[in-house]
Amino acid sequence: SPKQCNEGTTIHIFKLFDPWPVRRKHIKSTIGTHFNNVKKMVLKYAMIQKDKRISLTNIEQHVKKTIFIKHPSRTGLKGSIAQVFSNKLTKTLVHHSIEPRMEDIQGKEKPYEKIEGYFVKDAFALQLCDPNTKDYFIFLNYRPIVNREISKKIREYYKAHLKKGKAFAFLHIQLNQEIDL
């Protein structure tokens, strides 16, 4: 069951399905797929958690192999994205940010959300994206989400403006904690 970890906590998962032989047999036949899914999720959290150190290590047959290490970024989200992808790709990104405001009960204006994103600015830069991955990363309050409508709009924008169906987009939507999700 999900549990919140204290700062500095390390999570180790060993022999997850050993007690269930049938499940263990299935997981061994699909281990590559499952590991790639875990890796994708870790990379998403590495991008959005700009002030955290995140690493992914695989231990197979007593051999420890570090897959990925991301250090806290001094340059914010763009620095985190650079650590996950490359400086070459990050240099081609354009930053956009908006902070819509609304009035509270007393009539005072206050921000209720912030939308921040990084987008590839030209067709040349799209060549730097991995052709085997879907390069849309959408987050809501620091958690990765999947949203078909937002992904569809990103694809449509890139198709219309860069004549490409492929795109790189990093979008973080922060809602006020008072709003119930």
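It should be emphasised that the depicted structure is a prediction, and the values quoted were computed from it without experimental measurement.

## Points about the overall build of the protein
Part 1 of the reasoning: Each helix and strand counted, the protein has six helices and nine strands in total.
Part 2 of the reasoning: Counting only residues that meet the buried cut, the protein has 29% of its 181 residues in that class.
Part 3 of the reasoning: Sequence-distant contacts in the protein: of pairs separated by 6 or more residues, those separated by 24 or more amount to 55%.
Part 4 of the reasoning: In the structure as shown, the protein presents an accessible area of about 13300 Å², 53% of it carried by carbon and sulfur atoms.

## A look at the environment of Phe170
Part 1 of the reasoning: Mapping Phe170 onto the fold places it in strand 9 (residues 169–175).
Part 2 of the reasoning: Residue Phe170 is classed as buried on the basis of its relative accessible area of 0%.
Part 3 of the reasoning: Along the sequence, Phe170 and Ile138 sit 32 residues apart, while their C-alpha atoms lie 6.0 Å from each other.
Part 4 of the reasoning: Setting aside residues up to four positions removed in sequence, Phe170 forms contacts with Met47, Ile48, Leu77, Ile81, Glu116, Gly117, Tyr118, Phe119, Phe137 and Phe139.

## Comments concerning the packing of aromatic side chains
Part 1 of the reasoning: Under the criterion given, the structure shown has three aromatic pairs.
Part 2 of the reasoning: Between Phe85 and Phe137, the ring centres sit 5.5 Å apart and the planes meet at 55 degrees, which makes this aromatic pair tilted. You can see Phe85 sitting in the loop between helix 3 (76–84) and helix 4 (87–90) and its partner Phe137 sitting in strand 7 (residues 136–140), a full 52 residues away along the chain.
Part 3 of the reasoning: The class for Phe85 is partly exposed, based on a relative accessible area of 30%.
Part 4 of the reasoning: Given the relative accessible area of 10%, Phe137 is considered buried.
Part 5 of the reasoning: For the ring pair Phe139 and Phe170, a centre distance of 5.2 Å and an interplane angle of 45 degrees mean the geometry is tilted. Of the two residues, Phe139 is situated in strand 7 and Phe170 in strand 9; the sequence distance between them amounts to 31 residues.
Part 6 of the reasoning: For Phe139, a relative accessible area of 0% corresponds to the buried category.
Part 7 of the reasoning: One aromatic cluster is present, formed by Tyr118, Phe139 and Phe170 through successive ring pairs.

## Overview of the nonpolar core
Part 1 of the reasoning: Membership of the largest hydrophobic core comes to 25 residues, with the highest contact counts inside it found for Met47, Ile81, Phe168 and Phe170.
Part 2 of the reasoning: When residues in this core are grouped by element, the largest group, five residues, is from helix 2 (residues 31–48).
Part 3 of the reasoning: Non-local contacts of Met47, meaning those with residues more than four positions away in its chain, are made with Leu77, Ser80, Ile81, Val84, Phe85, Phe137, Phe139 and Phe170.

## Some remarks on unusual backbone geometry
Part 1 of the reasoning: A positive phi is found at Asn141, a non-glycine position, where the angle reads about 50 degrees.
Part 2 of the reasoning: With respect to the element layout, Asn141 can be found in the loop between strand 7 and strand 8 (143–145).
Part 3 of the reasoning: The class for Asn141 is buried, based on a relative accessible area of 13%.
Part 4 of the reasoning: Although it is not a glycine, Tyr142 sits at a positive phi angle of roughly 70 degrees.
Part 5 of the reasoning: Overall, Tyr142 belongs to the partly exposed group, its relative accessible area being 31%.

## Considering the sheet that holds strand 7
Part 1 of the reasoning: Taking strand neighbours across the sheet as the criterion, the five strands line up as 3-6-9-7-8 in an open arrangement whose pairing is mixed. What marks the edges here is a single partner per strand, and that holds for strand 3 (93–98) and strand 8. The mean angle between the axes of side-by-side strands here comes to 20 degrees, regardless of whether they run parallel or antiparallel.
Part 2 of the reasoning: Sheet analysis places strand 7 next to strand 8, joined by three bridges and oriented antiparallel. Along strand 8, the bridge assignment pairs Phe139 with Pro144.
Part 3 of the reasoning: Packed onto the sheet, helix 6 (residues 148–162) meets strand 6 (113–120), strand 7 and strand 9 and runs at close to 140 degrees relative to strand 7.

So, how was this worked out
- Residues numbered from 1 in each chain as written.
- Predicted model: local features only at pLDDT ≥ 70, side-chain atom pairs only at ≥ 80, totals over all residues.
- Heavy atoms only, no water.
- Helix = DSSP H or I, 4+ residues; strand = E, 2+ residues; numbered from the N terminus.
- Buried < 20%, exposed > 50% of the residue type's maximum accessible area, 1.4 Å probe, protein only.
- Contact = heavy atoms within 4.5 Å.
- Areas by Shrake-Rupley, 256 points an atom, 1.4 Å probe, with all protein chains shown as cover.
- Phe/Tyr/Trp six-rings, centres within 6.5 Å; stacked < 30°, edge-to-face > 60°.
- Core = buried A, V, L, I, M, F, W, Y, C linked by side-chain atoms within 4.5 Å.
- Pairing = 2+ DSSP bridges.
- Axes fitted to C-alpha atoms, helices over the stretch in contact; angles between N-to-C directions.

These figures capture arrangement, not role.
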